Amino acid sequence: MYISLILAILLAGSTAAFLSRTREQARMVAVVSSWAALLISILMFINYEPANGLNNFREFYEWIPRIGINYHVGVDGVSLPMVLLTAIVSALCAVYAWGEKHRANQFFALLLLMDFSLIGVFVSLDFFLFYIFWELVLIPMFFLIGIWGGPRKDYSAIKFLIYTHVASVVMLLGIFAIYYFHGKTTGVYTFDIVMLLSAYQTLPLTSFWREFIFAALLFGFLVKMPAVPFHTWLPDAHVEAPTVGSILLAGVLLKMGGYGLFRFLIPMIPNASHLFIYAIALFGLISILYAPIAALAQPDIKKLIAFSSIGHMGFISLGVAAFMAAGAEVPRIFAASGAMFQLFAHGIITSVLFGSAGIIEHHTGTRIIQDLGGLTKKMPKFAFLMITGFFASMGFPGMMGFVAEFSILAGSYPQLPYIVIAAMLSIPFTAGYHLWAVQRAMFGPYNERLGNVTDLTWYEFTAMAAWVLLILALGLYPMPLFEVMHSTAAQFITILPSGGIVP
Amino acid sequence: MSYLLLAPELILIAVSILVLLLGLFIKEKKVLGYVSIAALLVALLLVLGSFNVKESFIGYPFYSAIVVDSFAQFFNIIFLTVALLVCIASLEYYGKNPSQDEYYFLVLIATAGMMFVAIANDLIVLFIGFELASLSTYALAGFDKHSRLGAEGALKYFVFGGLSSAILLFGISLAYGISGTVNILEMKEFLAAHAVRFESIATLAMLLILAGFGFKMALVPFHMWAPDTYEGSPSVVSALLAAGSKKMGFIAAFRVFLLALIAIKLQWYLAFAILAVITMTLGNVVAIMQNSVKRMLAYSSIAHAGYIAIAFVVIAHSQNAAQIALAGGILHALSHALATASAFIVVAAVGLIYSKSDDMENYDGLGKTAPTTALLMTVMLLSLAGIPPTFGFYTKFVLFLSAIQGGLLWLAVIAVLNSALSVYYYARVIMRMYWGKPKIEKIKEPSAYVAAMIIAVIIIVILGLYPNPISEWAYSAAEAVWR
């Protein structure tokens, strides 16, 4: 009942926040319900049994039996950390946004609706339900960008909506095809994810259909992640979105794509074809290489962070490809657990980064790096938190990002050596844009034109400090989380043909 | 034999005449609106209460000319719901109009006409119902006598409608000439037995009948009248036209055409597919360019006619996906009727604020000036766009699923891309409502409109979240057609 309870609390909270009269009521509702959801997800994490896989907290009710649609939810080691991540990020966002003044009731209602639909995506075990949540995510984000967004919000909001919606409907076609062929072969027409995925490899599909289905789903996920060259909606959306919108967008929404790779594409990889492994790896590689160089050129710190997200998400594609490619089991599992860890780690780290960009904009009135300078002098607390975040994003040892990226690179090398070596070329650029941005914005002489800048408010400090603490704690001692992912990856590897798919 | 099954139609006819007569004596004519609503509500409850029936009225006095089955009942639900929404909204729209008795008479009689089309098992009955609905909607379209646009729209509708009736009747006469019967089932049996002998003339007859129905369905290339008429007509009448009268074309086409098609065994699926694809693409592309919300909704209705036409394609192409395709088609007809009717009512509500103009600019800041209307409109538009968890999503889901089941991947691809394209122009209205600058202060929203919209939106949301019962009905309706 845990899962339905979380969903019910968040939906009720969203409605209550929308109907509340004052800003104080709305934000109180948001904090209470998002923290209640967080509490329940922590309880779920504690009570999680790795051996049970998807049977953890499973719930099943008939919904539309004629077509084979059910309310079916449950979590395993891939989705549970994602649920936890969503709950953490949303709960801290509710604190971070405590000072929101513009249409506060709608703002917090959308925040909770976002939380609701994101958690829904990760727990769904029925394609219909999954798709509903997957699409529902777009609506609060569309409004967040549109109502609280910057000057070019019209363009960005609609671009975000159309681009990701097109990707979703293409994915839906793939889902239809799985449904149809499963029903035709077995006589059971169902949208149940567990049933469809377990039977998928035995379905007598022609190679056209097998590849079409895979490509349709892959397209849906790559756009969401996003992988270069399908990334163009992301910088626009980020630049215009309000800070909380950006945090949720980069912190959790992008993870839907990475999650999709694990949940759907690994069990569905066409066994005979190595083409897709290289495709996924190359999409990852291009993102890893392109994003830092693009980030170097950005004058706007928020756009810079947006590009950094694209690069970090590339590592997930790389890890997934390395997991499927032929090789010894140990490094493959290592790469996959690293990729899952990256999903979580990047969600937390990028929250600090976008939180910093929001604070800079809010306190100084600009996001252009050139116009900043010497902020450490006026905002010492902020400077410490932000710089820690930037170091974590750079992959500094002792922090979460390092654990993730190290595991991915080390685990991928035996299977895909050349791609890993190529990916390593990005490291100086990654370090470069992070350090350069920090240097220009935070150090040097204070830019007097900024006037009298104040340091963090208590709510900003609380949220940022909590994120930074998590980065350090799970960077120094990743075991509680890593263990869950590792055991899940070890279970997942049995789905693939033994020894992996020979490239 | 239970004549009670015809009670809904008879009630509507009786009350419509009553309304007309009372209108001569009553001063407070708004009462007649309530009388009409009550009649529609009773009729709707009767239909809902007798859903799963099959009554063919063999022998005296109807001789199988009408058949009340779940397929007809499903469409009767659509017609009655739409008429109900329209009448509720009209309490406000025509609340002060001195000739509102005639208005309600026309709405009721048009609805009765549509219902006769739904239950017709005989081409003559079908044609009479068709004409009853058409003639009364011609008058309704021009009901605002002093509006130039209204006169233009009504005239176009009348001329095109008259032409389409003539073509339809010619097609019927050819079909009668071959088979010697006007009973649809008998005609089907005859055609099945003698298909080879009469292939060319039967094809011609079906083409003409398709053209006749195509005008009502507003399929390309028979759609020309629709945008002008929807734009010019009073908004509540546009709701009735787009949501009700258009669906009448669909049930007529489903009834006559599918049976004949199976009987003649023509491989027409490609022709249908091209028609559907052109209709939805043209509707969507042109809708993007519109600056009038009414015209936008008109073109979006054309696009939706294209989606519903997918059902024809799938049925013509593959027998094993026929049931789900037909169920998807009629479900989508229902969801589109609900969302479009209520969206036109929103246009009527906005017309109150801005002297009847339906310019897109007037939606700027509606989220502030009329928050309830804006919120409800958002749900309707999301439903039209097919975004979950609305009913519109579910119906598109079933419809597109049927295309895949029928082995028509390419059609499904075009349809979903079209649907994704349509998000653009629906979202544009939402954007204007929520982040446009309001030009006026917050207003008091007229309660009759809000009531009609809330009813529609509640149905859209509930059916979106729990579509199981209605979807079972649609399946049993789809089964009834083949029997």
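Below, the structure is looked at part by part. Per chain, the residues get numbers from 1 upward, laid out in the order the sequence is written. Chain A is the first chain written and ligand 1 is the first ligand written, with later ones labelled in order. Restriction of local features to residues with pLDDT of at least 70 applies here, the model being predicted, together with a cutoff of 80 or more for giving and counting side-chain atom pairs; totals for whole chains, interfaces and linings are based on all residues.

### A closer look at the overall build of chain A
- The helix and strand tally for chain A stands at 22 helices and 2 strands.
- Throughout, the radius of gyration refers to the C-alpha atoms, and the reference size of a globule is 2.2 Å times the residue count to the power 0.38. The C-alpha radius of gyration of chain A comes to 22 Å, within 12% of the 23 Å expected for a compact globule of 503 residues.
- For chain A, the spread of C-alpha atoms along the principal axes amounts to about 70 × 55 × 40 Å.
- When burial is assessed residue by residue, chain A has 61% of its 503 residues classed as buried.
- The long-range fraction of contacts in chain A, counting pairs at least 24 apart against all pairs at least 6 apart in sequence, stands at 81%. Secondary structure elements follow DSSP: runs of H or I no shorter than four residues count as helices, runs of E no shorter than two count as strands, and numbering proceeds from the N terminus. Here a residue counts as buried when 20 or more other C-beta atoms fall within 10 Å of its C-beta, as exposed when 12 or fewer do, and as partly exposed in between; the C-beta atoms come from the backbone. Residues are treated as contacting if the C-beta atoms built from their backbones sit within 7 Å of each other.

### What about the overall build of chain B?
- Looking only at helices and strands, one finds 19 helices and 2 strands in chain B.
- Computed over the C-alpha atoms, the radius of gyration of chain B is 21 Å, within 12% of the 23 Å expected from 2.2 N^0.38 for a compact globule of 483 residues.
- In terms of its C-alpha atoms, chain B occupies a principal-axis envelope of roughly 70 × 55 × 40 Å.
- Here chain B holds 483 residues, and 61% of them are scored as buried.

### Description of the packing of helix H11 (residues 243-253) of chain A against helix H15 (residues 329-364) of chain A
Residue and element names in this part refer to chain A.
- In this analysis, axes come from line fits to C-alpha atoms, helices being fitted only over the stretch in contact, and the angle between any two N-to-C directions falls in the range 0 to 180 degrees. Across the interface, H11 lies against H15 with an axial gap of 8 Å and an inter-helix angle of 160°. Relative to H15, the element H11 is oriented roughly antiparallel. Pair H11 / H15 crosses with right-handed handedness. Residues Thr243, Ser246, Ile247, Ala250, Gly251 and Val252 of H11 pack against Gly347, Thr350, Ser351, Phe354, Gly355, Ala357 and Gly358 of H15.
- Three categories are distinguished: nonpolar for Ala, Val, Leu, Ile, Met, Phe, Trp, Tyr, Cys and Pro, charged for Asp, Glu, Lys and Arg, and polar for the others, with Gly belonging to the last. For the contact of H11 with H15, the per-class residue count stands at 5 nonpolar, 8 polar and no charged. Oblique is the label for any angle not covered by the other classes, which are roughly parallel (under 35 degrees), roughly antiparallel (over 145) and roughly perpendicular (65 to 115). Less than a right angle of anticlockwise turn of the near helix away from the far helix marks a crossing as left-handed, whereas a clockwise turn marks it as right-handed.

### Quick word on the nonpolar core
All names here are of chain B.
- Judged by nonpolar contacts, the single largest core of 407 residues is most densely connected at Leu240, Ile310 and Ile345.
- Among the elements that make up this core, the one with the highest residue count is helix H13 (residues 322-353) (21 residues).
- The contact partners of Leu240, leaving out residues within four places of it in the chain, are Val82, Ala83, Val86, Val107, Ala110, Thr137, Leu140 and Ser245. Residues of type Ala, Val, Leu, Ile, Met, Phe, Trp, Tyr and Cys that are buried and joined through C-beta atoms within 7 Å form what is called a nonpolar core.

### Quick look at the pairing of strand E1 (residues 56-64) of chain A
Residue and element names in this part refer to chain A.
- Any two strands with at least two DSSP-identified bridges between them are counted as paired. When E1 meets strand E2 (residues 69-75), the two strands line up antiparallel, connected through 6 bridges. Residue pairing in the sheet places Tyr61 in a bridge with Tyr71 of E2.
- With antiparallel pairing between neighbouring strands as the criterion, E1 and E2 make up a hairpin whose turn holds 4 residues, including Gly68 at a positive phi of roughly 85°.

### Describing the packing of helix H15 (residues 371-385) of chain B against helix H17 (residues 409-435) of chain B
Residue and element names in this part refer to chain B.
- Interaxial distance between H15 and H17 falls to 9 Å at its minimum, and their mutual angle equals 170°. In terms of orientation, H15 and H17 fall into the roughly antiparallel class. Contacts between H15 and H17 involve Ala374, Met377, Thr378, Leu381, Leu384 and Ala385 from the first element and Ser422, Val423, Tyr426, Val429, Ile430 and Met433 from the second.
- Split into classes, the residues belonging to the contact of H15 with H17 amount to 10 nonpolar, 2 polar and no charged.

### Comments concerning the interface of chain A and chain B
- Facing 25 residues of chain A, the contacting portion of chain B comprises 23 residues.
- Taken together, the residues of the side of chain A that touches chain B break down into 19 nonpolar, 2 polar and 4 charged.

### Looking at H13 of chain B
- To estimate the expected span of a helix, subtract one from its residue number and multiply by 1.5 Å. The end-to-end C-alpha distance of H13 of chain B, which contains 32 residues, comes to 47 Å, matching closely the 46 Å that a straight helix rising 1.5 Å per residue would cover.
- Counted residue by residue, H13 of chain B has 28 buried out of 32 residues, so it is predominantly covered.

### With respect to the environment of Ala385 of chain B
Residue and element names in this part refer to chain B.
- Secondary-structure assignment places Ala385 in helix H15.
- Taking the C-alpha atoms as reference points, Ala385 and Tyr424, separated by 39 residues in sequence, lie 8.8 Å from one another.
- In this structure Ala385 touches Ser422, Val423 and Tyr426, once residues within four positions along its chain are discounted.

### Section: unusual backbone geometry
- A cis amide bond, omega 5°, links Val220 of chain B with the succeeding residue Pro221 of chain B.
- Within the element layout of this structure, Pro221 of chain B appears in the loop between helix H8 (199-217) and helix H9 (225-232).
- For Arg103 of chain A, which is not a glycine, the phi torsion comes out positive at approximately 45°.
- Along the chain, Arg103 of chain A falls in the loop between helix H3 (79-96) and helix H4 (104-123).

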